[in-house]
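Residue-level structure breakdown
Chain by chain, the residues:
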Amino acid sequence: MRSILPRQLRGRGLAKEKTAPIVYTLASCPACKKLKEDWTLEKIVFDERQVDQSQALLDEALVYGDMVPIVVYPDKRVEIGYKGMIG
Amino acid sequence: MTQATTVVTPARFAKGLSFKDYLSQIKVNKDKFEEYYTSAAVSRDEAASFKKMVAMPGGPAKVLVLGEDWCPDVYRGLPVITKIAEASGMELRMFPRDANLDIMNEFLNQGQFQSIPTVVFYTKDVKYITHWIERPAFANEERAKITEQVKKEMPSLNDQDFRAEMRKRTTPRYPAWQQATVKEVQQLLAKTLQVK
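Residues numbered from 1 in each chain as written. Chains lettered and ligands numbered in written order. Predicted model: local features only at pLDDT ≥ 70, side-chain atom pairs only at ≥ 80, totals over all residues. Heavy atoms only, no water.

**Observations concerning the overall build of chain B**
In terms of regular secondary structure, chain B is built from nine helices and four strands. N-terminal to C-terminal, the α/β element order of chain B is α-α-α-α-β-α-β-α-β-β-α-α-α. Against the 2.2 N^0.38 benchmark of 16 Å for 196 residues, chain B shows a C-alpha radius of gyration of 17 Å, consistent with a compact globule. In terms of overall dimensions, chain B has a C-alpha envelope of 55 × 35 × 30 Å along the principal axes. Within chain B, the proportion of its 196 residues that are buried is 47%. Pairs at least 24 residues apart make up 74% of the contacts formed inside chain B by residues separated by at least 6 positions. For chain B, the computed accessible surface area is about 10000 Å², with 51% contributed by carbon and sulfur atoms. (Helix = DSSP H or I, 4+ residues; strand = E, 2+ residues; numbered from the N terminus. Rg over C-alpha atoms; globule rule 2.2 N^0.38 Å. Buried < 20%, exposed > 50% of the residue type's maximum accessible area, 1.4 Å probe, protein only. Contact = heavy atoms within 4.5 Å. Areas by Shrake-Rupley, 256 points an atom, 1.4 Å probe, with all protein chains shown as cover.)

Here it is as structure tokens:
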């Protein structure tokens, strides 16, 4: 089966927030740091949202979980923690 | 942790923030800290008991709190400890945990968890007395019961909806958990100081 992207998401103009996983983090969380280091090395594009910097982002993250990192994939799949670590 | 090796010296203690100064520099949940400051209460009898202990030689003249602003246990608990300090004349100093891990590491929950809030009582010359972690036993018991109720009544909830339902049912209990905190802290200090 071939997936068809909506017109606005085709080609180079893909909006990062529409196509990349969202990663909710805390500034000092070791698991978050590890995820960011690994994903940067692996050139995985992600949209980081640091929840201790904004009430709106904190409230947004709490919908998914109360521990970080929280990864929300474009298909709405949610993963909490990274490689067995929680911040 | 021994007194000889602790990082909490009188000079370090003095670097902590007052409740008011802490609130002025946090970025999230300021309204919640204020709301739970309003709902926290220390009765006349409890205040008298705390005052009596603070006045004792070796009594809890100072209290250190480790916490982070995003944590519900902290925005519910720190205001309670602040009210206890205000009612009894304790000097309170707040330390953000993640910027003070050397202090946190002296008080790990079960030797491994950086649980917050962690509340540490000291004498006026900053000698360790005792410490209290996270939330009262009453809150843990109620939370466990509510968890079981939600699982039984709504077994098909997904994780997100389960969390939302838990928040909906536990948040109204926060003032009662604050009252339980005052009682538990009072009992802890009385037991440690052998006050009848």
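**Quick notes on the sheet that holds strand β3 (residues 118–122) of chain B**
Residues and elements named next belong to chain B. The strand order across the open sheet formed by four strands is β2-β1-β3-β4, and the pairing between neighbours is mixed. On the outer flanks of this sheet lie β2 (91–96) and β4 (128–133), each paired with one strand and no other. Between one strand and the next, the sheet's axes are offset by a mean angle of 20°, whatever the strand orientation. Strand direction decides the pairing type here: β3 and β4, joined by five bridges, are antiparallel. Directly across from Thr-118, in β4, lies its bridge partner Ile-133. Of the strands in this sheet, β3 and β4 are in contact with helix α9 (residues 174–192), which crosses β4 at around 150°. (Pairing = 2+ DSSP bridges. Axes fitted to C-alpha atoms, helices over the stretch in contact; angles between N-to-C directions.)

**Observations regarding the pattern of salt bridges**
Applying the stated rule across the entire model yields 18 salt bridges over all chains. A:Lys34 is the partner of A:Asp38 in a salt bridge, and the nearest nitrogen-oxygen pair spans 3.2 Å. With a gap of four residues between them, A:Asp38 and A:Lys34 both fall in helix α2 (residues 30–41), about one helical turn apart. One salt bridge connects B:Lys127 with B:Asp125, and the closest N-O pair in it is separated by 3.9 Å. Residue class for B:Asp125 comes out partly exposed when judged on its relative accessible area of 43%. (Salt bridge = Lys/Arg side-chain N within 4 Å of Asp/Glu carboxyl O.)

**Notes on the interface of chain A and chain B**
Across the contact, 15 residues belong to chain A and 10 residues belong to chain B. Around 1100 Å² of area is buried between chain A and chain B when both sides are counted, 47% of it from carbon and sulfur atoms. Where chain A packs against chain B, one counts zero salt bridges. Counting across the interface, chain A meets chain B through five residue pairs in polar contact (both at pLDDT 80 or more). (Buried area = accessible area lost by both parts, 1.4 Å probe. Polar contact = N/O pair within 3.5 Å; in protein donor to acceptor, adjacent residues only side chain to side chain.)

**Things to note about the sheet that holds strand β2 (residues 47–50) of chain A**
All names here are of chain A. Pairing in this open sheet of four strands is mixed, and the strands run β2-β1-β3-β4 from one edge to the other. Both outer strands of the open sheet, β2 and β4 (78–80), are each paired with one neighbouring strand and no more. Sheet twist, expressed as the average angle between the axes of neighbouring strands with direction ignored, equals 20°. In this structure, strand β1 (residues 22–25) lies alongside strand β3 (residues 70–72), joined through three bridges in antiparallel fashion. Across the sheet, Ile-22 pairs through a bridge with Val-72, a residue of β3.

**Here's the deal with the confidence of the model for chain B**
With 98% of its residues at a pLDDT of at least 70, chain B reaches an overall mean of 95. Scored as a complex, the prediction yields pTM 0.87 and ipTM 0.75. (pLDDT = per-residue confidence, 0-100.)

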